[in-house]
Amino acid sequence: MSDSEKIFGLTNDFLFKAVFGQESNKKLTICLLNALLKLEGLKQIKEIEILNPFNVQNYKEDKLSILDTRVKDARGNSYNIEMQVRNEEDFVKRFSYYLSKLYSSQLQKNESYNELKPAIGIAILGYDLFPKSNNIDEEFLFKNKENSIILDDIMIMHFIGLTKLAQDKPIKEMTRFEKWVFLLYNSKKYASKDSKIPSEMESEEGMAEVVNCVRKSNSDKEMRARMEDRENSLIYLSLIRGNGYKKGKKEGIEEGRKEGRKEGRKEAFVTMLSNGLSKEDIIKFNGITEAEFDRIINS
């Protein structure tokens, strides 16, 4: 890796999945889960099964898929872990939907509902989803209005805001949870072989190995290409969803919004094509037909 090449960190969801979604790295995924869920003693996770292991070939065929990591522990609890760095309007609903599918998919035909185990969603966020809150981890449970009864054996959602951690806090004063949040947000700093990991982080189980995975991925030509593809695809998605609406809204009338959206989409599509994204990927990304694509481009 040359000095001029871009460095990728764990906020790149492709790299995150490559590190924590591989069978060979199960130990690191266990360390991450125990730290982010603040599990201690007998409550700690000891063994897991990765339900959707990382596969670079699958990514090549579907660049636009959701890169989450689904895991089951020895107690039967299921986990959905996802790195999300862009503020998407429908993210919370989508995340809730996929967690509910993870919960319901546990049962095979004719099995009893008593067999269902908790499903825990962990959304790691590179932006501030809850501006009114100072909590790094916002935990959502099923509970009654008086908060006196909690159904904690169904579904739980954690939204972990990486930007909420005070970056000037001395690492030696951080909890294990905070150290992992700091590493996830700042892993780029340690991607170079010449960089040194703070001793307080190196002594935490799994952290040095995670940093080595980040360094190895940044030194691998194919991995770098995939990480860059992913980043570009997400940028283009933001263009498509945002440009047309903003232009149309400025007009203040429905017709203006339609025209603005059409112009914005054409601009975004042309940018995508010029940057190497295929026509097929753009069509799939937007859920449109080939005829619609041609009509927008030629308008």
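So, a few notes on the structure that sits alongside this text. (Residues numbered from 1 in each chain as written. Predicted model: local features only at pLDDT ≥ 70, side-chain atom pairs only at ≥ 80, totals over all residues. Heavy atoms only, no water.)

This brings us to the sheet that holds strand S2 (residues 69–73). The strand order S1-S2-S3-S4-S8-S5 describes an open sheet built from six strands, whose pairing is mixed. Looking at the sheet topology across the chains shown, the edges are occupied by strand S1 (48–50) and strand S5 (137–140). Within the sheet, the average angular offset between the axes of one strand and its neighbour, ignoring direction, is 20 degrees. Where S2 lies against strand S3 (residues 78–84), four bridges are found, and the strand directions are antiparallel. What sits directly across from Val-71, in S3, is Tyr-79. The sheet strands contacting helix H2 (residues 26–36) are S1, S2, S3, strand S4 (119–125), S5 and strand S8 (155–161), and the helix crosses S1 at an angle near 115 degrees. (Pairing = 2+ DSSP bridges. Helix = DSSP H or I, 4+ residues; strand = E, 2+ residues; numbered from the N terminus. Axes fitted to C-alpha atoms, helices over the stretch in contact; angles between N-to-C directions. Contact = heavy atoms within 4.5 Å.)

Look at helix H5 (residues 176–186) against helix H7 (residues 207–219): their axes get within 12 Å of each other, and the N-to-C directions meet at 10 degrees. When the axis of H5 is compared with that of H7, the two are roughly parallel. Contacts between H5 and H7 involve Lys-179, Trp-180 and Leu-183 on the former and, on the latter, Met-207, Val-210 and Val-211. Considering only residue class, the contact of H5 with H7 consists of five nonpolar, no polar and one charged. (Parallel < 35°, antiparallel > 145°, perpendicular 65-115°, else oblique. Nonpolar A, V, L, I, M, F, W, Y, C, P; charged D, E, K, R; others polar.)

Okay, the pattern of salt bridges next. Side-chain pairs of opposite charge can arise where the charged atoms are in close proximity. Under the definition given, this model contains 14 salt bridges. Between Lys-26 and Glu-23 there is a salt bridge, and its shortest N-O distance comes to 3.7 Å. Look at Glu-23 and you get partly exposed, because its relative accessible area is 38%. For Glu-209, the salt bridge goes to Lys-27, with nearest N and O atoms at 3.3 Å. You can see Glu-209 sitting in helix H7 and its partner Lys-27 sitting in helix H2, a full 182 residues away along the chain. Judged by relative accessible area, Glu-209 falls into the partly exposed class, the value being 32%. Overall, the relative accessible area of 43% leaves Lys-27 in the partly exposed class. (Salt bridge = Lys/Arg side-chain N within 4 Å of Asp/Glu carboxyl O. Buried < 20%, exposed > 50% of the residue type's maximum accessible area, 1.4 Å probe, protein only.)

Here we take up the side chain of Asp-68. For Asp-68, the position within the fold is in the loop between helix H3 (56–61) and S2. You can call Asp-68 buried: its relative accessible area is 4%.

Turning our attention to the nonpolar core. With 56 residues, the main nonpolar core has Phe-20, Leu-36, Ile-122, Ile-124, Trp-180 and Leu-184 as its most contacted residues. No other element matches H2, which puts seven residues into this core. Leave out the neighbours within four places in its chain, and Ile-124 touches Phe-16, Leu-36, Ile-81, Glu-82, Met-83, Gln-84, Ile-160, Leu-162 and Leu-184. Formed by 15 residues, the second largest nonpolar core is a distinct cluster that contains Phe-91, Phe-95, Leu-102 and Leu-129. (Core = buried A, V, L, I, M, F, W, Y, C linked by side-chain atoms within 4.5 Å.)

Relative orientation of the contacting elements H2 and H5 amounts to 120 degrees, with a least axis distance of 8 Å. The pairing of H2 with H5 is recorded here as oblique in orientation. For the pair H2 and H5, the sense of crossing is left-handed. Across the interface between the two elements, Cys-31, Leu-32, Asn-34, Ala-35 and Leu-36 from H2 touch Arg-176, Phe-177, Trp-180, Val-181 and Leu-184 from H5. (Left-handed = near helix turned anticlockwise from the far one by under 90°.)

That is the geometry; function is a separate question.
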